[in-house]
Amino acid sequence: MVTRLDRLTVVETALRLLNETGLEGLTLRRIATELDVKAPALYWHFAGKQALLDEMATRIFQGIMDAVQSADDWPGSARWQDLLAEAMRALRGTLLSYRDGAKVFSGTRYTGTEYAGPLDRMLGALVERGFTVRTAGRAWFTAYAYTIGFVIEEQAVMPLPGERDPFYDIGERAARLADYPYVAAVGTELFDDYDSGYEAGLAVTIAGIEARLAPGAVTERPTGTV
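Residues numbered from 1 in each chain as written. Predicted model: local features only at pLDDT ≥ 70, side-chain atom pairs only at ≥ 80, totals over all residues. Heavy atoms only, no water.

The name given to the protein in an unreviewed UniProt entry is TetR family transcriptional regulator, with the source organism recorded as Streptantibioticus cattleyicolor.

Laid out in structure tokens, this is it:
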């Protein structure tokens, strides 16, 4: 029996239940049952499920960024590439620890302002390394969007680490697509070894940021050119 119901208690309960129910099964009624309260009691804290998801994403994000920046000398003399990559790896790792973790993040709106401090420090570290405020924001969002999108696809195959959707059997897929050899051959690349796949894509993303947004990069090109 929970003796004190507050926003943090609701959010922590929701995050714990997420691994059991997935995003679709996570309802305010289910959370209320877990907390042994009536569903209307939760509406004092959250107007609906989306408001709860917004708060969940905010708290997860703040925790990630605080952990990344926990060293006394952060960011020290680290290169911007390493700072950005470290933050993105931490984001992916945390999202993978929750069933549908990336879907919780996708489309949510951060609440309050507590999350802004760690993000401001990250953007400031990029600016100190020669980015403008605009290009720092674009660099961050580009890497962030890549990570969220990658993990959404990853969790469609591996809802949780070690739990694979049987639909994505590499051997069965190759046999089914035998008449399409190139499509069949990329099965392992697309649906297996996600750690290597993520790192390869992250390297490409950071290289693109370096080429187009980083200090000294050519940022203005004629429309329609690459």
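There's plenty left to go through after this.
A.B. asks: Quick question: what am I supposed to make of the UniProt feature "DNA-binding region" (unreviewed entry) in the protein here?
C.D. replies: Feature annotation in UniProt assigns "DNA-binding region" (unreviewed entry) to the following positions: residues 27-46. Taken end to end, residues 27-46 comprises 60% helix and 0% strand; its first and last C-alpha atoms sit 12 Å apart. (UniProt positions renumbered as here; feature names shortened; annotations may be inferred. Helix = DSSP H or I, 4+ residues; strand = E, 2+ residues; numbered from the N terminus.)

A.B. asks: Any chance you could explain the pattern of salt bridges here in plain terms?
C.D. replies: Side chains carrying opposite charge are able to pair once their charged atoms draw close together. Evaluated as defined, the whole model comprises 14 salt bridges. We note a salt bridge from E34 to R30, for which the minimum N-O separation is 3.3 Å. Here E34 pairs with R30, and both are found in helix α2 (residues 28-35), just 4 residues apart, close to one helical turn. Taking relative accessible area as the criterion, E34 reaches 33% and is therefore assigned partly exposed. Here the salt bridges do not stand alone but share partners, grouping R16, E20, R30 and E34 into one network. (Salt bridge = Lys/Arg side-chain N within 4 Å of Asp/Glu carboxyl O. Buried < 20%, exposed > 50% of the residue type's maximum accessible area, 1.4 Å probe, protein only.)

A.B. asks: Looking at this model, I keep getting lost on the nonpolar core. Mind explaining?
C.D. replies: Side chains of nonpolar character tend, in soluble globular proteins, to be buried together. If you look at the biggest cluster of nonpolar residues, it comprises 63 residues, and the most contacted ones within it are I31, L52, M56, M88, F105, F131 and W140. Per element, the largest residue contribution to this core is 10 residues, and it comes from helix α8 (residues 133-157). The residues touching L52, leaving out its near neighbours within four places in the chain, are V10, V11, A14, L28, I31 and F46. (Core = buried A, V, L, I, M, F, W, Y, C linked by side-chain atoms within 4.5 Å. Contact = heavy atoms within 4.5 Å.)

A.B. asks: Looking at this structure, how should I read the environment of L213?
C.D. replies: Residue position: L213 is located in the segment after α12 (194-212). L213 sits in the buried class, given a relative accessible area of 13%. The spatial distance from the C-alpha of L213 to the C-alpha of A139 is 6.8 Å, given a sequence separation of 74 residues.

A.B. asks: Where do I start with unusual backbone geometry in this structure?
C.D. replies: The phi angle of most residues is negative, glycine excepted, and most peptide bonds adopt the trans form. A cis amide bond links W74 to the next residue, P75, at an omega of -5°. If you trace the backbone, P75 turns up in the loop between α4 (49-68) and α5 (80-96). One non-glycine residue, D100, adopts positive backbone phi at about 60°. The topology assignment puts D100 in the loop between α5 and α6 (101-105).

A.B. asks: What am I meant to see in the packing of α5 against α12 here?
C.D. replies: What describes two packed helices is the angle between their axes and the distance between those same axes. Their axes nearest at 11 Å, the elements α5 and α12 cross at an angle of 145°. Helix-helix and strand crossings are classified by hand; for α5 and α12 the assignment is right-handed. Contacts between α5 and α12 involve W80, Q81, L84, A85, M88, R89 and R92 from the former and Y194, D195, Y198, E199, L202, I206, I209 and E210 from the latter. Considered class by class, the residues forming the contact of α5 with α12 number 9 nonpolar, 1 polar and 5 charged. (Axes fitted to C-alpha atoms, helices over the stretch in contact; angles between N-to-C directions. Left-handed = near helix turned anticlockwise from the far one by under 90°. Nonpolar A, V, L, I, M, F, W, Y, C, P; charged D, E, K, R; others polar.)

A.B. asks: Please clarify how the packing of helix α1 (residues 7-25) against α2 should be interpreted in this entry.
C.D. replies: The contact between α1 and α2 brings their axes to 10 Å, and the two run at 125°. Taken together, the axis directions place α1 and α2 in an arrangement best described as oblique. Relative to α2, α1 is oriented so that their crossing is right-handed. For the pair formed by α1 and α2, the contact residues are T9, V10, T13, A14, R16, L17, E20, T21 and G25 on the first element and R30, I31, E34 and L35 on the second. Residue composition of the contact of α1 with α2, by class: 5 nonpolar, 4 polar and 4 charged. (Parallel < 35°, antiparallel > 145°, perpendicular 65-115°, else oblique.)

A.B. asks: I'm lost on the side chain of Q69 in this one. Help?
C.D. replies: Among the secondary structure elements, Q69 is positioned in the loop between α4 and α5. Among the residues examined, Q69 registers a relative accessible area of 9% and is labelled buried. At 2.8 Å, the side chain of Q69 forms a polar contact with the side chain of R121. Contacts of Q69, omitting those with residues within four sequence positions, involve W74, P118, R121 and M122. (Polar contact = N/O pair within 3.5 Å; in protein donor to acceptor, adjacent residues only side chain to side chain.)

A.B. asks: Help me out: how do you make sense of the packing of aromatic side chains in this one?
C.D. replies: Considering all chains together, one arrives at 13 aromatic pairs under this definition. An angle of 20° between the planes, with centres 5.3 Å apart, marks the rings of Y146 and Y198 as stacked. One end of the pair, Y146, is in helix α8; the other, Y198, is in helix α12, with 52 residues separating them in the sequence. Assigned by exposure class, Y146 and Y198 land together as buried. A centroid spacing of 5.3 Å and a plane angle of 70° characterise the contact between F150 and Y198, whose relative ring orientation is edge-to-face. Here the residue F150 occupies a position in helix α8, and Y198 occupies one in helix α12, the gap between them amounting to 48 residues. The class for F150 is buried, based on a relative accessible area of 17%. Given a relative accessible area of 0%, Y198 falls into the buried group. Taken together through their ring pairs, the aromatic side chains of F61, F105, Y110, Y115, W140, F141 and Y144 make up a single cluster. (Phe/Tyr/Trp six-rings, centres within 6.5 Å; stacked < 30°, edge-to-face > 60°.)

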